[in-house]
Protein chains: 2
Amino acid sequence: MKNNNKYQYEYPRPALASDCVIFGFDGGDLKVLLTEREKEPFKNKWALPGGFVFIEETTEECAKRILHEKTGIKNVFVEQLFTFSEIDRDPRERIVSVSYYALVNTYQYELIAGRDTLKTEWFALSDLPKLGFDHAKIIKMALQRIKGKVNYQPIGFELLNEKFTLSQLQQLYEAILEVQIDKRNFRKKILGMALLKELDEKEKNVAHKAARFYSFDKKAYKELTQKGFYFEL
Amino acid sequence: MKNNNKYQYEYPRPALASDCVIFGFDGGDLKVLLTEREKEPFKNKWALPGGFVFIEETTEECAKRILHEKTGIKNVFVEQLFTFSEIDRDPRERIVSVSYYALVNTYQYELIAGRDTLKTEWFALSDLPKLGFDHAKIIKMALQRIKGKVNYQPIGFELLNEKFTLSQLQQLYEAILEVQIDKRNFRKKILGMALLKELDEKEKNVAHKAARFYSFDKKAYKELTQKGFYFEL
DNA sequence: TTAATTAGTGTTAAAATTACACTAAGAGTG
DNA sequence: CACTCTTAGTGTAATTTTAACACTAATTAA
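Residues numbered from 1 in each chain as written. Chains lettered and ligands numbered in written order. Predicted model: local features only at pLDDT ≥ 70, side-chain atom pairs only at ≥ 80, totals over all residues. Heavy atoms only, no water.

K.L.:
So what's going on with the packing of aromatic side chains? Residues and values would help.
P.N.:
Any two aromatic rings considered together are summarised by their centre-to-centre distance and by the angle between their planes. All names here are of chain A. In this structure the tally under the stated criterion is 14 aromatic pairs over all chains. In textbook terms, an aromatic cluster arises when at least three aromatic residues are bridged by ring pairs, as seen for F157, F164, F216 and Y221. The aromatic ring of F54 is capped on one face by R65, whose charged end is 3.7 Å from the ring centroid. (Phe/Tyr/Trp six-rings, centres within 6.5 Å; stacked < 30°, edge-to-face > 60°. Lys NZ or Arg CZ within 6 Å of the ring centre and 35° of its normal.)

As structure tokens, then:
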């Protein structure tokens, strides 16, 4: 490595990487996106999509790039989760990982097995394979994070289709929070926030009363937020 | 840098550093600990205590070490805040900083101006000097974080003396949250959680009714937490 | 002795949360 | 076509939580 900068510090540097915890929802379980590794270490083992940070990209840009390269998913809004820096977290050498998470709709993306990747698949959180590195720990923390966040931010809408029924939204909240929610109270609360647009459309071909579709009203949310409104479930 | 590991990746690496946002409380304002830099860049300017991560320490260990080396403060529990990785955040070269924050009692520590440091001082948040790097942004985020956290974790007790009065605790919450709180409702709520030990001791030499001292009951908190209790202000 | 200052204490009204059960609509079946 | 199955959709009352509010007690200083 070049060292011609008079300020540059002299110590050996940890390598820097980013890992992505991508949550998806398919109506039932909450899922997480994993890739089967093509190379050592942990060759043929499942792991989070992740890779090294280039010198001219931010860690967030890196996370998005890697996600795209390895799984085909792009244009997702990721948020920083945590930076993991335990000395031995990677068997090769010292690697510090800045992790990110995102919530997406499983149906909206076509998965590919990209660079250094044998397979890319959704796994239910209740049925994860054994993971390489400290990735089980990272997923655990990401899950904790969204469980907390869901209460005071309207996340979760990203995991559904543009149009969704209130029951689907409730199922999502139940999946994330791992609790049962009362249908009437839930609807009262959500509709009371005036963040949903009621659409004229209804479900079709369902063997029961068709549910009305709603969509998330981003504009209303923005306006309310500017007026000091706080989302709270 | 040595490169004899067959797995080691080939790209140039960002340097890795840690910065510390240390909040203190002296009964009035909420304060933050700053150091005046002895060296370029930002020589003679104020900045957060920070420095480079050694290859054999975690970023958290680094933060604690740097804090001790530069300010004399040690034995504080820091929590990770965020990792800043904008390309140009340091004028020297690409440096990624993992930032940490902590809450301490200003009276409990004697400040020194340690390595590469001309002065170490507490600054009221309402009266910060111009800061080097992106440190103003880091402080802003740290403040946001503790404002959120204070509502669901009994942090803040760290900023007071072991023994404190309920009025002092209230003032602290008012300083962090920047709101006025009703005295009776505050006392009702805090005492209702049974996390405070009522001591026999009272204030002395105050020109008004002497207030009772309380201390935080860590044991009770631990036990309650294990029973599923959630602190909530 | 008086003035100044902060500690300490309860009640009531309003708002938010919780618990709870029936009718409506659509598709499938015999 | 009537019956069954399934999920959508709806309101009320009891309970709990929150918010608003004012006086007496204790101590020092003047």
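Resuming the write-up.
K.L.:
Help me get a handle on the relation of the copies chain B and chain A, residues and values and all.
P.N.:
With an RMSD of 0.0 Å, chain B superimposes on chain A once it is rotated by 180 degrees and translated 0.0 Å along the axis. In symmetry terms, the pair is related by a two-fold rotation axis. (Least-squares fit on C-alpha atoms with pLDDT ≥ 70 in both.)

K.L.:
Residues and numbers for the nonpolar core, please.
P.N.:
Residue and element names in this part refer to chain A. The biggest cluster of nonpolar side chains holds 40 residues, and the ones touching the most others in it are V21, F23, I146, L169 and L196. Those elements giving two or more residues to this core turn out to be strand 1 (15-25), strand 2 (30-37), strand 5 (79-84), strand 6 (95-105), helix 2 (135-149), helix 3 (166-177), helix 4 (183-192) and strand 9 (212-216). With seven residues, the top contributor of residues to this core is helix 3. Shared between two domains, this core takes at least three residues from each, and those domains are domain 1 (15-149) and domain 2 (166-227). Residues within four places of V21 in sequence aside, it is in contact with V32, L48, Y100, Y101, A102, I138, I139 and A142. (Core = buried A, V, L, I, M, F, W, Y, C linked by side-chain atoms within 4.5 Å. Buried < 20%, exposed > 50% of the residue type's maximum accessible area, 1.4 Å probe, protein only. Helix = DSSP H or I, 4+ residues; strand = E, 2+ residues; numbered from the N terminus. Domains from an automatic or database assignment. Contact = heavy atoms within 4.5 Å.)

K.L.:
I'd like a rundown of the protein's contact with DNA strand D, residues and numbers included.
P.N.:
Surrounding DNA strand D, one finds 21 residues, the nearest of these being S167, K183, R187, H208 and R212 of chain A. Expressed as a percentage, the sugar and phosphate content of the atoms of DNA strand D within 4 Å of the protein is 40%. Between DNA strand D and K183 of chain A, the relevant distance is 2.7 Å, taken from a base nitrogen to a side-chain nitrogen or oxygen of the residue. At 2.9 Å, a backbone N or O of K209 of chain B approaches a base nitrogen of DNA strand D. When its residues are assigned to classes, the surface near DNA strand D shows six nonpolar, four polar and 11 charged. (Near = heavy atom within 4 Å. Polar contact = N/O pair within 3.5 Å; in protein donor to acceptor, adjacent residues only side chain to side chain. Nonpolar A, V, L, I, M, F, W, Y, C, P; charged D, E, K, R; others polar.)

K.L.:
Quick rundown of the interface of chain B and chain A? Include the residues and the values.
P.N.:
Contact residues are listed per partner, giving 32 residues for chain B and 32 residues for chain A. Summed over both partners, the interface of chain B with chain A buries about 3200 Å², with 63% contributed by carbon and sulfur atoms. Taken together, the connections running from chain B to chain A amount to two salt bridges. A salt bridge links E93 of chain B to R13 of chain A; the nearest nitrogen and oxygen atoms lie 2.8 Å apart. At the surface where chain B touches chain A, the tally comes to 14 residue pairs in polar contact (both at pLDDT 80 or more). Elements with a contribution of two residues or more to the side of chain B that touches chain A: strand 1 (15-25), strand 5 (79-84) and strand 6 (95-105) of chain B. By residue number, the principal contributor to the side of chain B that touches chain A is strand 5 of chain B, which donates three residues. (Buried area = accessible area lost by both parts, 1.4 Å probe. Salt bridge = Lys/Arg side-chain N within 4 Å of Asp/Glu carboxyl O.)

Interpretation note: all reported values are geometric properties and have no functional meaning in isolation.
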